[in-house]
Every structure is written in C-alpha cells, then in structure tokens.
Amino acid sequence: MRVLILGDLVGRTGRTAVIEALPDLRARYGAHFVVVNGENAAGGFGITEDILTELIDAGADVVTSGNHVWDQREALVFIERQERLLRPINYPKGTPGRGAGLFKAANGADVLVVNAQGRVFMPDLDDPFRAVEREVEACKLKQGADAVFIDFHAEATSEKQAMGHFADGRATCVFGTHTHVPTADEQILSGGTAYISDVGMCGDYDSVLGMEKDEPLSRFLTKIPTGRFQPALGEATICGVGVEIDDATGLAKAIAPIRIGGRLSRIEPQFWLTQP
Ligand SMILES: [Fe+2]
Ligand SMILES: [Fe+2]
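**Q** I'd like to hear about the sheet that holds strand E8 (residues 187-188), residue by residue, with values.
**A** Two pairing modes exist for strands in a sheet, parallel and antiparallel, and in both the strands are linked by backbone hydrogen bonds. Taken together, the 6 strands give an open sheet; going across it, the order is E4-E5-E6-E7-E9-E8, and neighbouring strands pair in mixed fashion. Both outer strands of the open sheet, strand E4 (100-104) and E8, are each paired with one neighbouring strand and no more. For strand E6 (residues 147-153) and strand E7 (residues 173-177), the ladder comprises 5 bridges, and the chain directions are parallel. Directly across from Phe149, in E7, lies its bridge partner Cys173.

**Q** Can you explain helix H6 (residues 214-222)? Please cite residues and give values.
**A** All buried positions along H6 are accounted for by Glu215, Pro216 and Ser218. Taken down its axis, H6 places every buried residue within 165 degrees of arc, on the same side. Set apart from the buried face of H6 by more than 90 degrees, the exposed residues are Asp214, Phe220 and Leu221. Taken from the residues just after H6, Lys223 is the one with a positive phi, measuring 65 degrees.

**Q** Account for the nonpolar core, with residues named and values stated.
**A** Counting residues in hydrophobic clusters, the biggest one holds 36 residues, and the most contacted among them are Leu4, Ile47, Leu55 and Ile238. Only strand E1 (2-6), helix H1 (11-29), strand E2 (33-37), helix H2 (49-58), helix H3 (75-78) and strand E11 (252-260) provide two or more residues apiece to this core. Broken down by element, the residue count for this core peaks at 7 residues, all from H1. Setting aside chain neighbours within four positions, we find Ile238 in contact with Leu6, Ala17, Val18, Ala21, Leu25, Cys202, Ile258, Arg259 and Ile260. By size, the runner-up hydrophobic cluster in this structure holds 24 residues, among which are Met1, Phe33, Phe103 and Ala109.

Conventions adopted
Residues numbered from 1 in each chain as written. Chains lettered and ligands numbered in written order. Predicted model: local features only at pLDDT ≥ 70, side-chain atom pairs only at ≥ 80, totals over all residues. Heavy atoms only, no water. Pairing = 2+ DSSP bridges. Helix = DSSP H or I, 4+ residues; strand = E, 2+ residues; numbered from the N terminus. Buried < 20%, exposed > 50% of the residue type's maximum accessible area, 1.4 Å probe, protein only. Arc of directions from axis to C-beta. Core = buried A, V, L, I, M, F, W, Y, C linked by side-chain atoms within 4.5 Å. Contact = heavy atoms within 4.5 Å.

Rendered as structure tokens:
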C-alpha cells in the first residue's frame, strides 16, 4: 500500500499547486491514500470550508492541521460536520472537532490518522504522548487498522524524534509538520515505523516560512511590526513524503521525500517510479 503525505499548504500558491497536481500525483505514484496538512491554506492562516472541500475533491483523504487551525473562525463550526478535517488531539477537553479518525483507503484498507501537537516552544496543550498512546492502543496495527499515520505538529526536532521512538512499532509512520522546512532524516526506525522530523511546506521557498520576506525581516531588524504577514506568491514547491507499506504487518517498507516545482531540487520516491 502506498500513502502520499504533503506538508503545510501555505496560502494561494501552495494550495493551488497541490489542488492542481494532486490528481496527477495520485495516478503517477499509484497512491492509495493521501494526507495533507491544511493549517495555513487560507491566506497563510487557517482553513475555510470551501478550501477543505476543494482539497478533498482534488484527492486528499484527510486534512490535518495544527496551531493555526482556528485562525479562520468558521473552522470552529464546520469542523463538527467535516470528519476529514483533524485538529490536534491534545487540545483541551471540549474543543470542537476531533484529533483522530479511521478512514477507508482506495484499496479498502482502514487507515488510522492521528494529529497531535508538540509542547516545546508551543502552547501548553495536554500531553501529546499520552494522547497518541490512547489512540494507537485503542486501534492497534493489523487489529483495528491496516495502517496508522501520526502527524506530529511540533517545533522542536527533539520532541518529534521522541514521538517517533514512542510510537515505533505501533505506527506505520510518524511525520512532522509545522516548521515549513523539510528535514533530511527520513528513515525506518528500528521497530519498523517510518519517520521524518518535518516534511516541509507546500509553498514559495523564496520567503520566510512561506511568508513574503519584507515584514519578517523588518521585525527581526527592528522588533517593530509594520504590517501583516502575507503569503509569498512565487511558484510553490510541493513538499512531502511517500510511504510504502508492508501490507502483512502494517509497518513501513520505505519512506522517501517528494519535492516538485519551485526553487527546491526535484526529488521523487524512486521505488514508486521504476517500472515493474
Ligand atoms: Fe504551518
Ligand atoms: Fe503550525
């Protein structure tokens, strides 16, 4: 089984690139299931119901999020009727929406997706480790789910690596989001879980984290805000990973980065492109 994961879509350029490319990418890779992080899809801040619907229509099975999930206030309402949108599971009890769900892949497999948020250099939510543990224990690999994917939306690479090892052998893949910069540490951990600290953003890399450069640069230089952060509008790089799953165990056989378009060098999972 093949799963395609794409990182934080930033603004119109990132969103449009993914919506236009996703049908082709699904076919090119033979992907059975697609997860995208949509927390910055609406002008860099949050997600609207219209954008969520466009992403799902384009081929996203699940849209995960993070600390920006409520930037568009309408998300507090529509998340209750949109089961394919996840918010971090470790938000306080009573928060609208859900942080995990079991979804059907194109090949009929049941895929558990969990979205959790880190606490290092981030708001102090509930313990993400215990929250993830509850989900993976309640819906075990090859018992409750054929594959388990964890989007760990966090700032610190240490916390992300710890989550990878915590879930190793119990999840198909733990992938990081939030930093908007892809890391080069994709690997299969000793227990069989695919891991990457951050899949990177889908957005314009001629920017500061997807935002037009002038305002962030000026804030670093003067500490005085002079305007709003605006998404950079140059050509986006679509950034993510491909994960090949061992159907017998639900663990990962391979993980490889994907970078297409824009300023980053093109990379694709070779194990999905070689002819049988
Ligand atoms: Fe983000
Ligand atoms: Fe974030």
